[in-house]
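Structural description and commentary
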Amino acid sequence: MKPIYVGVDIAARSFDLVVRQDARNARARTFKQTGADHARVVRELLALNPERVVMEASGIYHLDLAVALHRAGLPVSVINPRSFRHFAHIKLVGSKTDPIDSALLAEYAERIAPSLWQCPTDAQLALRDLGRQINRLGGARTQAKNRLHALRAKAMTLPLLIEDEEEGIARLDQRIERLQRAALDLIAGSAQLSAHLANLCEAKGIGQASAIALLAELCVLPEDLRANQVSRFAGLDVRLTQSGTSVSSPGRLSKAGNAYLRAALFMPALSASLHDEHARAFYQRLIARGKKKIQAQCALMRKMLTGIWACIRNNTPFNSASLFSNPSTVT
């Protein structure tokens, strides 16, 4: 029997599924994003015994289905949406609909054979959800503080508006503090997560709040990833644009990765450039070589992420002296 491949195009309330065998796609079928339909798909796919089930990482909408398939023992791959877009461009597909995308994902499964998805534990998934909600509330608090500053700058602003904004900020502070306590309780229930948190807090520039945000994103990654793969996951890899003799653009960050992780790294790297002698020397060497400050900052973020990932993989405290010991690693 020839192998079977399955493509799943994820949406918020539904998903389209296409089964591919012998280079032919079956008709796309639509299911609801419900536990009942997830269970139905699991039963059908177990009977088909597919070689690979491929879906895109679509925010949080793919997660419940991916977990259900993984727990049933099905071979699931969750791919980067950008990788799939490139595949669609190569195939010269002009239209974009859910059935077309699911058929293309099934073909992607056959031709590319992406690596299998490693399902995080319930505690890791819960920590990631908490970390992302804290991030969103932090962004809302920053916006509220900016609005308050603008209101106070006007002489004619009603006192009621200022009071209302202050109450909103206080409420956001309370919500963030409550979620941080919940994250710490969750971490305390896991010896591994507790060790990781303590190791990250050894770094100058990484406080408890930053360590929670970093750990929330990194704890769900497979521990066999290499440092450069984690950098790509964060969107901190450098993208070059060079072709022949006429096209040569400066390298830029791809930013085709996890924005939560980049946000969690920014302030720790900035603080390290001021207060960690080894990180500061690394940063200043880049500036002396003609790099812009933002370029040096991003390089420091990438370097710190390498050290942070080493802490998690090796279960060792963050060691700034070791991380920045070799000047030749400046990039």
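Residues numbered from 1 in each chain as written. Predicted model: local features only at pLDDT ≥ 70, side-chain atom pairs only at ≥ 80, totals over all residues. Heavy atoms only, no water.

1. A look at the nonpolar core
To be explicit about the condition: Residues belong to a common nonpolar core when they are buried Ala, Val, Leu, Ile, Met, Phe, Trp, Tyr or Cys residues joined through side-chain atoms within 4.5 Å. For every residue, the accessible area (1.4 Å probe, protein chains only) is compared with the maximum for its type, and the residue is labelled buried under 20%, exposed over 50%, or partly exposed between those bounds. Starting at the N terminus, helices and strands are each numbered in turn, a helix being any DSSP run of H or I of at least four residues and a strand any DSSP run of E of at least two. Two residues qualify as a contact provided that any one of their heavy atoms is within 4.5 Å of a heavy atom in the partner residue.
Grouped together as the largest cluster of nonpolar side chains are 54 residues, with contacts concentrated most on Leu215, Leu218 and Ile308. Looking at this core, the elements that each hand over two or more residues are helix H5 (122–152), helix H6 (159–188), helix H7 (191–200), helix H8 (208–218), helix H9 (227–234), helix H10 (259–275), helix H11 (277–288) and helix H12 (293–314). Setting aside chain neighbours within four positions, we find Leu218 in contact with Val230, Leu261, Leu305, Ile308, Trp309 and Ile312. Counting residues in hydrophobic clusters, the runner-up holds 21 residues, among them Phe15, Val53, Leu63 and Leu69.

2. What about the pairing of strand S5 (residues 52–56)?
We count it as follows: A pair of strands is treated as paired once DSSP finds two or more bridges between them.
Burial of S5 is extensive: 5 of the 5 residues sit out of reach of the surface. Because side chains alternate across S5, one face comprises the buried residues Arg52, Val54 and Glu56, and the other comprises Val53 and Met55, equally buried. As paired elements, strand S1 (residues 4–10) and S5 share 4 bridges and run parallel to each other. In the sheet register, Gly7 faces S5, and the bridge partner there is Val54. In this structure, S5 lies alongside strand S6 (residues 76–79), joined through 4 bridges in parallel fashion. Pairing of Val53 across the sheet is with Val76, part of S6.

3. Details of the packing of H5 against H8
We apply this condition: Note on geometry: axes are C-alpha line fits, over the in-contact stretch for helices, and angles between N-to-C directions span 0 to 180 degrees. Working rule for angles: under 35 degrees goes down as roughly parallel, over 145 as roughly antiparallel, 65 to 115 as roughly perpendicular, anything else as oblique. Less than a right angle of anticlockwise turn of the near helix away from the far helix marks a crossing as left-handed, whereas a clockwise turn marks it as right-handed. Note on residue categories: nonpolar means Ala, Val, Leu, Ile, Met, Phe, Trp, Tyr, Cys or Pro, charged means Asp, Glu, Lys or Arg, and polar means any other residue, Gly included.
Their axes nearest at 8 Å, the elements H5 and H8 cross at an angle of 135°. The angle between the axes of H5 and H8 places the two elements in the oblique class. Relative to H8, H5 is oriented so that their crossing is left-handed. Between H5 and H8, the contacting residues are Leu127, Arg128, Gly131 and Arg132 on the first element and Leu215, Ala216 and Glu217 on the second. For the contact of H5 with H8, the class distribution of residues is 3 nonpolar, 1 polar and 3 charged.

4. Thoughts on a nonpolar patch on the surface
Rules: Like charges are joined within 9 Å and nonpolar side chains (Val, Leu, Ile, Met, Phe, Trp, Tyr) within 5 Å, but only among residues with over 30% relative accessible area and no salt bridge; these make up the patches. Only the protein chains shown count as cover for residues, with accessible areas throughout obtained via the Shrake-Rupley method and a probe of 1.4 Å. A pair is scored as a salt bridge if a Lys or Arg side-chain nitrogen falls within 4 Å of a carboxyl oxygen belonging to Asp or Glu.
On the surface, Phe266, Met267, Leu270, Leu274 and Ile294 cluster together into a nonpolar patch covering about 470 Å² of accessible area. Sort the elements by how many residues they give to the nonpolar patch and H10 lands first, with 4 residues. Its relative accessible area of 51% is what places Ile294 among the exposed residues.

5. Here we look at the confidence of the model for the protein
Predicted coordinates in areas of low pLDDT are best not read in detail. Counted only if it meets this: Think of pLDDT as the predictor's per-residue confidence, scored from 0 to 100.
When the pLDDT values of the protein are averaged, the result is 89; 92% of them are 70 or greater. The element-level mean pLDDT for the protein is lowest in strand S7 (residues 238–243), coming to 49, with H6 highest at 97. Taken together, the stretch residues 240–249 has pLDDT below 50 and engages in 6 contacts with residues farther than four places along the chain or on a different chain.

6. Describing unusual backbone geometry
Of note in the backbone geometry, Asp22 takes a positive phi value of approximately 55° without being a glycine. Along the chain, the position of Asp22 falls in the loop between strand S2 (14–21) and strand S3 (24–25). The phi torsion at Ala23 lies on the positive side, around 65°, for a residue other than glycine.

7. Structural notes on the pairing of S2
In terms of strand pairing, S1 meets S2 through 7 bridges, oriented antiparallel. Bridge pairing in S2 places Ile10 opposite Phe15. Summarising the sheet, S2 and strand S4 (residues 29–32) pair through 4 bridges and their orientation is antiparallel. Bridge pairing in S4 links Phe15 to Phe31. In terms of strand pairing, S2 meets S3 through 2 bridges, oriented antiparallel. Pairing of Arg20 across the sheet is with Asn25, part of S3.

8. Observations regarding the pattern of salt bridges
This structure, assessed with the given rule, holds 12 salt bridges. Notably, a salt bridge pairs Arg111 with Glu107, separated by 2.7 Å at the nearest N-O pair. Here Arg111 pairs with Glu107, and both are found in helix H4 (residues 98–112), just 4 residues apart, close to one helical turn. Residue classification places Arg111 among the exposed positions, given a relative accessible area of 53%. For Glu107, a relative accessible area of 8% translates into the label buried. With a closest N to O distance of 2.8 Å, Asp173 and Arg141 form a salt bridge. Of this pair, Asp173 sits in helix H6 while Arg141 sits in helix H5, and the two are 32 residues apart along the sequence. One network of salt bridges, with partners in common, ties together Arg29, Arg40 and Glu44.

9. Section: H8
Most of H8 sits out of view: 8 of its 11 residues are buried. Elements that come into contact with the buried residues of H8 comprise H5, H6, H7, H9, H10 and H12.

10. Quick look at the packing of aromatic side chains
Stated formally: Any Phe, Tyr or Trp ring, taking Trp's six-membered ring, that has another such ring centre within 6.5 Å forms a pair; planes under 30 degrees apart are called stacked, those over 60 apart edge-to-face, and the others tilted.
Considering all chains together, one arrives at 4 aromatic pairs under this definition. Ring centres of Phe84 and Tyr108 lie 6.4 Å apart, and the angle between their planes is 70°; this geometry places the pair in the edge-to-face category. Of the two residues, Phe84 sits in helix H3 (residues 81–90) while Tyr108 sits in helix H4, which places them 24 residues apart along the sequence. A centroid spacing of 5.2 Å and a plane angle of 80° characterise the contact between Phe87 and Tyr108, whose relative ring orientation is edge-to-face. Of the two residues, Phe87 is situated in helix H3 and Tyr108 in helix H4; the sequence distance between them amounts to 21 residues. The burial state of Phe87 is the same as that of Tyr108; both residues are buried.

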